[in-house]
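So you can see what is in the structure, the chains are spelled out below.
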Amino acid sequence: MKAIVYRKNGPPDVLSCEDLEKPIPNDGEVLIKVHAAAVNPLDYHLMKGGPAPLRLLFGPRKAKVPGVDVAGVVEAVGSGVKEFKPGDAVFGTGRGTFAEFAVAPESSLVRKPEGISFDEAATSPIAALTALQGLRNKGRIQSGQTVLINGASGGVGTFAVQLARNFGAHVTGVCSAKNAEMVRSLGAERVIDYACEDFTAGAARYDLIFDLAGNHSFSDCKRVLNPKGIHVGAGILAGQKSLVLMFGGLLAVLVVSRFSRQKFTTYVAKANREDLSFIGELLASGRLKPVIDKKYTLDQVPEAIRYQGTWHARGKLVVNMDAP
């Protein structure tokens, strides 16, 4: 099978398209013929790696295939798999999805709803789950609340704006001027152009700040949070910061938050069938619509990850395996 491979950490130039053996599903796993996958910031950071010493210690020793989001058709199932059979159209998260075939745990897949394309389904696992779990589980979003989404035009942000509106919140989106109309069309009542206005210096107050950009400190955001407001920091992977600086800064903020009525929290989204099914229902009903910036073929994955690393993607980047 054709797959995108890297054997050392570095920029997208370390990626190549090669022929590999088709993977074999283990117990509880599903082999998927991939129709579409999507690029995430995590792909960029894992491939790039951290400082040189860490790359030497923990970098890949053998061919590694990146990619997590997947939508496709079940090719084969491992022992113990009960929910799926060959021929089922599915979407969710797996491993090594920038390939013609990929393996995924049964527990991280659901059936693809009819009426949505493989491309649309592939955009949603990581990004929509991050938005859903951040707003609902960590932010405890409620109808009628004022919610600010910093980074509203990105992959997670475009889902977050729509989900917040579905939850009945009043949404303010922060993005560039060129993306303002798009963010409004997704449900934001107000849009702030970050190049002209610093939301942390404004008069508005928010019950929840869902920060996907990571370009303002918790101390700055505290002044525009309501007394018991929550700041959900989901933008730890945004931008060019090193992994060491990211997690060091995160630890400091978590310590400060323990002594404040206004809370800072962060998390790692986890794929589960209940949440994926909920996302699928929203996609099928039209209450959630993916925003796709660009589509790429498999051999264009290095270009896609390079573009992801500019942090200017509008919505999601899709890798379409069916493209000629």
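None of these values were measured; they are calculated from a predicted model.

**Section: the packing of aromatic side chains**
Here's step 1: By the definition in use, this model includes 2 aromatic pairs.
Here's step 2: Judged by centre distance (5.4 Å) and plane angle (85°), the ring pair of Tyr 44 and Trp 311 falls under edge-to-face. Linking Tyr 44 in helix H1 (residues 41-48) with Trp 311 in the loop between helix H9 (301-308) and strand E15 (316-320), this pair joins segments that are 267 residues apart in sequence.
Here's step 3: On the accessibility criterion, Tyr 44 (9% relative accessible area) is buried.
Here's step 4: In this structure, Lys 112 is placed above the aromatic ring of Phe 118, and the distance from its NZ or CZ to the ring centre is 4.9 Å.

**Structural notes on unusual backbone geometry**
Here's step 1: Positive phi is not limited to glycine here, since Arg 140 has a value of about 50°.
Here's step 2: Locating Arg 140 in the fold gives a position in the loop between helix H3 (118-138) and strand E8 (146-150).
Here's step 3: Notably, Trp 311 is not glycine yet its phi reads approximately 60°, a positive angle.
Here's step 4: For Trp 311, a relative accessible area of 25% corresponds to the partly exposed category.

**Focus on the pattern of salt bridges**
Think of it this way: side chains of opposite charge can pair up when their charged atoms draw near.
Here's step 1: Applying the stated rule across the entire model yields 14 salt bridges.
Here's step 2: Between Asp 69 and Lys 316 there is a salt bridge, and its shortest N-O distance comes to 4.0 Å. One end of the pair, Asp 69, is in strand E4 (residues 69-77); the other, Lys 316, is in strand E15, and 247 residues separate them in sequence.
Here's step 3: Of the charged contacts, one joins Asp 119 and Lys 295 as a salt bridge, the two residues approaching to 2.9 Å between their closest N and O atoms. Of this pair, Asp 119 sits in helix H3 while Lys 295 is found in strand E14 (residues 292-296), placing the two residues 176 residues apart along the sequence.
Here's step 4: A relative accessible area of 52% places Lys 295 in the exposed class.
Here's step 5: One network of salt bridges, in which partners are shared, links Lys 85, Asp 88 and Arg 111.

Rules behind the numbers
Residues numbered from 1 in each chain as written. Predicted model: local features only at pLDDT ≥ 70, side-chain atom pairs only at ≥ 80, totals over all residues. Heavy atoms only, no water. Phe/Tyr/Trp six-rings, centres within 6.5 Å; stacked < 30°, edge-to-face > 60°. Helix = DSSP H or I, 4+ residues; strand = E, 2+ residues; numbered from the N terminus. Buried < 20%, exposed > 50% of the residue type's maximum accessible area, 1.4 Å probe, protein only. Lys NZ or Arg CZ within 6 Å of the ring centre and 35° of its normal. Salt bridge = Lys/Arg side-chain N within 4 Å of Asp/Glu carboxyl O.

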